[in-house]
Amino acid sequence: MNFQRYLFLFLRFSWLLVLLTVAALGVTWKWLTTQTPYYASRGVIEVVADQEQVLGNIKGATETRVNSLDVLNTVVQSLTGNTFLLKVSKNIGLAGAVADSSAGGQVLPDQESSLAGRLRNQLNVSLRRGTRLIDVVAEDTSPEKARKLAAAVIEEFMAGLKEGQKGANANAVASLIPEIEKQKIEVKNLEGKLADYRKAHPNFTFGNRENITMTRVEQLSKDYEEAKAKRIRVADDLDALKNIKEGDEEALSRIASVMSLPEVGPLINTVNAKETDFATLQQRYKELHPKFIAAETELNELKRKKALALSKAADAIRKDFEDLAKTETQLEQMLEDAKKNNRELMEIIVPYNEMQKQVEGAREYFTTLTNRLKDITITESVDKNPYRVNEDPLINLLPVRPNKTKAYLIAGLGSLLLGIGMVLLIDRLDSSIRTVDEAESEFGLPVLAAVPEGSLKDIPQGGTVMTDAPDSPQAEAFRNLRASLSLLGEESKRRIILVTSAIPAEGKTFTAMNLAASMASQGLRTLIIDADLRRPALSAAFIEEADRRSDNYRGLSDVLSGLVEVNEAIRSTSVHGLSLIPSGRRPPNPSELLAQYELSALLERLLKDFDRVLIDSAPVNAVSDSLTLATHAHAVCLVLAFGKTPRRAFQRALNVITKTGAKIAGIIMNRMPANRGAAYYYYYYGDSYTDGGETKKAKKKRRAAESDAKIG
């Protein structure tokens, strides 16, 4: 229901949303007509490979990867630097134009910053995320100038790379040649020292003997430590055996060395399992059962074997201890012998290996230097630039600024959101009731009928929609109201009906007279009383003003004052079966007049002549007249105007009427919009039933045909 509520809320204020949207689009169009179009041209630079440092692995030199993020970002920043942009301005002739306009015929220092800033504002250099592509986008009011600027930036960048590469190669060659000669001498000296060392040890064969010896030392050391640790654990278990009493099987079972014996551990686990099975058999069989006897015999035999094995466990552990001690002593001796042989070997081989590593390192460095010198020589004739132009700038005839589509979308969406916000704010500030469900849930009363809004210009004075527009949705709403009131209970408890409202101008008089007309059309003798002695709208609706100003005009105030009998105040109306007691001449004290006891007797007398008596009274919150009348009515109907009656005002009226003890029949929602959706407002929408079976489409065609006939 909330969805429907907001849907029709926005439909009700659709004019506001359309107005704001049209206004925003109009302002945007006007703004776009004043903007100068800018055109863009884009070129793309790609990093295709890693660029090695020309000095390679020379000591003190480092290598830089040109496709690293830091290097690429540095390139992007350099393309918008002042020095670089001043070079670009010279290539495109912009610097010359500035120089021609200056007094000295050259670009002055204070003009350089402005010139670089001008180009920077026209450029957008960025690195595409996750790629090695650098976009160079230039903007200008001329498509050709935009292309020319983007091309000049890329050309200047590529030319600078080539010049820098040549300079780096020359410097590298100058540094490499002395370093190669120096390294050549270093290799020769180290090779001589290695040869002298080999001659100094003629009886030693240099090979991989040292590796074999080291492996044996490591293995013996590991075996010795394991044997020692195992011997210590068994020794601890032997000490624990000395403190265990003879026959204490449970204590013996807790010793690790005992449980590790092949003749003890598995047997103990088997006994534990059999004890568990035997416990289960004890619950299932009696002692003399064959299965019980067999299981018990088997368990006892296992326990006997377990006790025998545990009694021999101490001797077995002592024997293991002696074997472990002997093995430990043997391994210790073998380890000492291996270490002695290894020390003699290491005294010779370690210096030799160190000298050999120095020779290999020096040779490798010498090879690297000579290879790099060859690379530099080849680079002078081959382009190894890691950057290349992936996309040349082109002329783009479609402007990029202002973006008309984006501007219209932002304006339309922004105005729509603003309109929605305004509608929600208006709804938030609106304290009136707009739905049947809202009224029933808010006040806890049923809505007896929802009367749609309609034109009353065709209803003559003294007429009603029931008599002059019987096929209208309003007339059907009053029939529904009449049916709802007929369900209130016994007829004797619903003959006097008071129709009132919380505040003025809610349509209570219109409701009362049409409700009375609907009852009269049903054949009920109906009387309607204008009890609004201050603003008698009901009397004005049925009686001409001249008649109301005549001396013979009599009504309720005259009856209550005792000036006339009630029969003299009753008038017939143009509605068959409907009579009227007008308000009469206005008294000075309406509240006191209505509060006198004669009113109750008057109503009892009227019920003898009429089947239904309807009372149209003043608004509850305006005066206290309705509170007095409510105590005499069988049912009170409160009229609530759609979108007008404040919640607090209606709630206050409801509270004060409830305090009088009057029976409130329900709410009559008046002036419901006739174009907001029947499912939302619950007003009558069955035109095809009320209009003689004629649908809206058929009615439209009939009226068009009648109009054409009149014109013809």
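Refer to the structure printed above.
Thresholds, definitions, all that
Residues numbered from 1 in each chain as written. Predicted model: local features only at pLDDT ≥ 70, side-chain atom pairs only at ≥ 80, totals over all residues. Heavy atoms only, no water. Pairing = 2+ DSSP bridges. Helix = DSSP H or I, 4+ residues; strand = E, 2+ residues; numbered from the N terminus. Contact = heavy atoms within 4.5 Å. Axes fitted to C-alpha atoms, helices over the stretch in contact; angles between N-to-C directions. Salt bridge = Lys/Arg side-chain N within 4 Å of Asp/Glu carboxyl O. Buried < 20%, exposed > 50% of the residue type's maximum accessible area, 1.4 Å probe, protein only. Core = buried A, V, L, I, M, F, W, Y, C linked by side-chain atoms within 4.5 Å. Phe/Tyr/Trp six-rings, centres within 6.5 Å; stacked < 30°, edge-to-face > 60°.

Asks: Would you take a moment to explain the sheet that holds strand S11 (residues 635-641) for this structure?
Replies: By definition, the strands of a sheet pair up through backbone hydrogen bonds, in either a parallel or an antiparallel sense. Pairing in this open sheet of eight strands is mixed, and the strands run S5-S12-S11-S6-S10-S7-S9-S8 from one edge to the other. Both outer strands of the open sheet, strand S5 (447-452) and strand S8 (571-572), are each paired with one neighbouring strand and no more. Where S11 lies against strand S12 (residues 664-672), six bridges are found, and the strand directions are parallel. Bridge assignment links Leu640 to a residue of S12, and that residue is Met669. In this fold helix H17 (residues 473-485) packs onto S5, strand S6 (496-501), S11 and S12, with an angle of close to 170 degrees to the strand it touches most, S5.

Asks: I tried to follow the pattern of salt bridges on my own but got confused; where do I start?
Replies: Pairing between side chains of opposite charge can happen when their charged atoms approach one another. With the rule as written, the count across this model stands at 22 salt bridges. A salt bridge links Asp323 to Lys319; the nearest nitrogen and oxygen atoms lie 3.5 Å apart. With Asp323 and Lys319 both in helix H13 (residues 313-379) and four residues apart, this pair spans about one turn of that helix. The exposure class assigned to Asp323 is partly exposed, which follows from its relative accessible area of 38%.

Asks: Honestly, the nonpolar core in this entry has me stumped. Any pointers?
Replies: The nonpolar side chains of a soluble globular protein tend to be buried with one another. Ile529, Leu556, Leu606, Val613, Ile615 and Met669 are the most contacted members of the largest nonpolar core, which has 49 residues in total. Excluding residues within four positions of it along the chain, Met669 makes contact with Ile433, Thr435, Val436, Ala439, Val447, Ala449, Ala450, Val451 and Leu640.

Asks: Any chance you could explain the pairing of strand S7 (residues 526-530) here in plain terms?
Replies: Working note: regular strand, side chains alternate between the two faces of the sheet. Of all five residues that make up S7, five are buried, and the element is covered over most of its length. Going residue by residue along S7, you find Thr526, Ile528 and Asp530 tucked away on one face and Leu527 and Ile529 tucked away on the opposite face as well. Here S7 pairs with strand S9 (residues 578-581) via four bridges, running parallel. In the strand pairing of S9, Leu527 is matched with Ser579. The pairing of S7 with strand S10 (residues 612-616) spans five bridges and is classified as parallel. Counted as the bridge partner of Asp530 is Asp616 from S10.

Asks: Where do I start with the pairing of S6 in this structure?
Replies: S6 sits mainly inside the fold: six of its six residues count as buried. Here S6 shows two buried faces, one formed by Ile496, Leu498 and Thr500 and the other by Ile497, Val499 and Ser501. Two strands pair when backbone bridges link them, and S6 and S10 are joined in this way by four bridges, in the parallel orientation. Looking at S10, one finds that Ile497 is bridged to Leu614. Sheet analysis places S6 next to S11, joined by five bridges and oriented parallel. Looking at S11, one finds that Leu498 is bridged to Val636.

Asks: I would appreciate a short explanation of the packing of aromatic side chains in the present structure.
Replies: The relation between two aromatic rings is expressed through the spacing of the ring centres and the mutual angle of the planes. Tallied over the full model, the rule gives three aromatic pairs. With a centroid separation of 5.3 Å and an interplanar angle of 80 degrees, the aromatic rings of Phe157 and Tyr387 are classed as edge-to-face. A residue pair is termed long-range when its members are at least 10 positions apart, and Phe157 in helix H7 (residues 143-200) and Tyr387 in strand S4 (residues 387-391) qualify at 230 residues. Across this residue pair, the class does not change: Phe157 and Tyr387 are buried. Ring geometry for Phe478 against Phe510: centres 5.6 Å apart, planes inclined by 70 degrees, an arrangement best described as edge-to-face. Taken together, the positions of Phe478 in helix H17 and Phe510 in helix H18 (residues 508-521) put the pair 32 residues apart, joining distant regions of the chain.

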